[in-house]
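Chain and residue survey
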Amino acid sequence: MSHTITVQPSGRSFTANAGEAILTAALHHGVGLPYGCKDGACGSCKCRMLDGRVVHGPHQSKALSAEEEAQGFVLTCCAVPQTDVVLESRQVTAAGLPPIRKMPARVARLERLSHDVMRMQLQLPASDVITYLAGQYLDVLLRDGTRRSYSMANAPHTLMQTPEGSSSPTPMVEFHIRHMSGGKFTDQVFGTLKERDILRVEGPLGSFYLREESDRPMVLLASGTGFAPIKALIEHLQFLGNTRPATLYWGGRRPADLYLDAWVREQLAATPWLRYVPVVSDALPEDGWTGRTGFVHRAVLEDTPDLSGHQVYACGAPIVVDSARRDYLAAGLPEHEFFADAFTTEADKAAA
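This report concerns the structure included in the present document. In this text the structure is predicted, and so the values were computed from the model without any measurement.

What follows is about the overall build of the protein chain. Secondary structure summary: the protein chain contains 8 helices and 20 strands in total. By the compact-globule yardstick of 20 Å for 352 residues, the protein chain fits well, its C-alpha radius of gyration being 20 Å. Projected onto its principal axes, the C-alpha coordinates of the protein chain cover approximately 60 × 50 × 40 Å. Sequence separation of at least 24 residues holds for 69% of the intrachain contacts in the protein chain that already meet a minimum separation of 6. Carbon and sulfur atoms form 50% of the exposed surface of the protein chain, whose accessible area is close to 15800 Å². Between the averaged position of the 34 positive side-chain charges in the protein chain and that of its 39 negative side-chain charges there is a distance of 3 Å.

Encoded structure:
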């Protein structure tokens, strides 16, 4: 038996088949509900259920606590409707998100940006060019059926590129991949993967993207390789001829973790609306660091104690994103103006 899911206040509705999670059904019908990891780990898809009944699959308590569930909140990525359901979600897009597809991808370039960050460029099929929004991600599909998620680090308008030695532009996406010791895929990227190898990918995925209709000043918060989708947002803002003030706060443990610091500084001269605040938490004396120190999300509050008039885009480690959400809402940021993409690892997903 199928059930009807209605999303308020937009009034959009779609059907979910028996045993199908709400988010899966929404994506099949082109309805852009917010989501991140799709594994019950990050909480990005959490919303209030106004009516109906669901059964949740496995998920982490930090994504949805028992108290929140008792208050009527659900995780659409693992909530299976048992009746017709009415949800409240203010992030549903009017026209839906770009269609999700599976496709082969050829490794075009591997370049170390630091000792533990690799820039990987993938060449996508030219016969049916993918569309995506700056901030979205692709899943790399591994041979054993597992997948790894990586944000596109280049804006959509830069998709068509001409590889070295070629005269024809072809679709190319850029990932920033941090080496996780023992990681099933990152060990491959830093060890055996070669240019011209073929991978399979699926996407675009995710509801982290620029809300262009807003005129609020923006905080762009990144930790580590959380800079990848932020880089795509900056490129997209440049392409739009943006004039909204934006401040990038990029945090790392040591200065080398800010692996494209020079790129950011190059943008500042031609991008008067952009400020840059690098923050390092664990600099050593030999680093010679004289900039901001501490937790990157706290640097935002040191500069702007009242966030009630702002909009925040946060990417990176779950602890940074979760801390930012909590502290920024306490500083007056409206909940619907906080957009996040937590880089949830397999270890995070396995955590209780």
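Next comes the rest of the description.
Turning our attention to the packing of aromatic side chains. Counted under the stated rule, the structure contains 9 aromatic pairs. Each ring, one from phenylalanine 227 and one from tryptophan 250, has its centre 4.1 Å from the other, and the planes form 15°; the classification is stacked. Placement of phenylalanine 227 in helix α4 (residues 227–240) and of tryptophan 250 in strand β16 (residues 246–252) is noted, with a sequence separation of 23 residues between them. Taking the relative accessible area as the measure of exposure, tryptophan 250 reaches 0% and is therefore buried. A ring pair is formed by tyrosine 313 and phenylalanine 339, whose centres lie 5.2 Å apart and whose planes are at 25°; its orientation type is stacked. One end of the pair, tyrosine 313, is in strand β19 (residues 311–316); the other, phenylalanine 339, is in strand β20 (residues 338–342), and 26 residues separate them in sequence. Judged by relative accessible area, tyrosine 313 falls into the buried class, the value being 0%. By relative accessible area, phenylalanine 339 is classed as buried at 5%. Aromatic ring contacts, followed pair by pair, group Phe227, Trp250, Tyr259 and Trp263 into a single cluster. One residue, arginine 211, lies across the ring of tyrosine 209, its end atom 3.7 Å from the ring centre. Over the aromatic face of tryptophan 263 sits the side chain of lysine 231, whose NZ or CZ is 5.2 Å from the ring centroid.

Here the focus is the packing of helix α6 (residues 296–303) against helix α7 (residues 318–330). Remark: α6 packs on α7, axes separated minimally by 9 Å, with the N-to-C direction vectors making an angle of 25°. By the angle between their axes, α6 is roughly parallel relative to α7. Once α6 is placed against α7, the crossing between them reads as right-handed. Together, Val296, His297, Arg298, Val300 and Leu301 of α6 and Val320, Ser323, Ala324, Asp327 and Tyr328 of α7 make up the contact between the two elements. Grouping the constituent residues of the contact of α6 with α7 by class yields 6 nonpolar, 2 polar and 2 charged.

The pairing of strands in a sheet comes from backbone hydrogen bonds and takes either a parallel or an antiparallel form. Reading across from one edge, β11-β10-β14-β8-β9-β13-β12 is the order of the 7 strands in this open sheet, with antiparallel pairing throughout. For this open sheet the edge positions go to β11 (147–151) and β12 (160–161), each flanked by a neighbour on one side alone. Looking at chain direction, β12 and strand β13 (residues 170–178) are connected through 2 bridges and run antiparallel. Bridge pairing in β13 places glutamine 161 opposite threonine 170.

As a further point, take the nonpolar core. In this structure, Leu220, Phe227, Ile230, Leu248, Trp250 and Tyr313 are the most contacted members of the largest nonpolar core, which totals 29 residues. Considering every element that reaches this core, the biggest residue donor is α4, with 6 residues. Excluding anything up to four places from it in sequence, tyrosine 313 contacts Phe208, Tyr209, Leu210, Arg211, Met218, Val219, Leu220, Leu221, Ile230, Leu233 and Phe339.

A separate point is the environment of glutamate 69. Along the chain, glutamate 69 turns up in helix α2 (residues 66–70). Taking the C-alpha atoms as reference, glutamate 69 lies 9.6 Å from histidine 56; in sequence the two are 13 residues apart. Apart from the residues lying within four places of it in its own chain, the contact partners of glutamate 69 are His56, His59 and Leu64. A polar atom in the side chain of glutamate 69 sits 3.1 Å from the side chain of histidine 56.

Our next topic: the sheet that holds β19. Pairing is parallel in the open sheet, where 6 strands are placed in the order β18-β17-β16-β15-β19-β20. Here the strands that pair on one side only, and so sit at the sheet edges, are β18 (292–293) and β20. Strand direction decides the pairing type here: strand β15 (residues 218–223) and β19, joined by 5 bridges, are parallel. Within β19, the position partnered with alanine 222 by the bridge is cysteine 315. Along the sheet, helix α5 (residues 261–270) contacts β16 and β17 (274–280); its crossing angle with β17, the most-contacted strand, is approximately 155°. In the packing of α7 onto the sheet, the strands contacted are β15, β19 and β20, and the crossing angle to β20 comes to about 165°.

Here is what the cut-offs are and how they apply
- Residues numbered from 1 in each chain as written.
- Predicted model: local features only at pLDDT ≥ 70, side-chain atom pairs only at ≥ 80, totals over all residues.
- Heavy atoms only, no water.
- Helix = DSSP H or I, 4+ residues; strand = E, 2+ residues; numbered from the N terminus.
- Rg over C-alpha atoms; globule rule 2.2 N^0.38 Å.
- Contact = heavy atoms within 4.5 Å.
- Areas by Shrake-Rupley, 256 points an atom, 1.4 Å probe, with all protein chains shown as cover.
- Lys, Arg positive; Asp, Glu negative; His and termini not counted.
- Charge placed at Lys NZ, Arg CZ, Asp CG, Glu CD.
- Phe/Tyr/Trp six-rings, centres within 6.5 Å; stacked < 30°, edge-to-face > 60°.
- Buried < 20%, exposed > 50% of the residue type's maximum accessible area, 1.4 Å probe, protein only.
- Lys NZ or Arg CZ within 6 Å of the ring centre and 35° of its normal.
- Axes fitted to C-alpha atoms, helices over the stretch in contact; angles between N-to-C directions.
- Parallel < 35°, antiparallel > 145°, perpendicular 65-115°, else oblique.
- Left-handed = near helix turned anticlockwise from the far one by under 90°.
- Nonpolar A, V, L, I, M, F, W, Y, C, P; charged D, E, K, R; others polar.
- Pairing = 2+ DSSP bridges.
- Core = buried A, V, L, I, M, F, W, Y, C linked by side-chain atoms within 4.5 Å.
- Polar contact = N/O pair within 3.5 Å; in protein donor to acceptor, adjacent residues only side chain to side chain.

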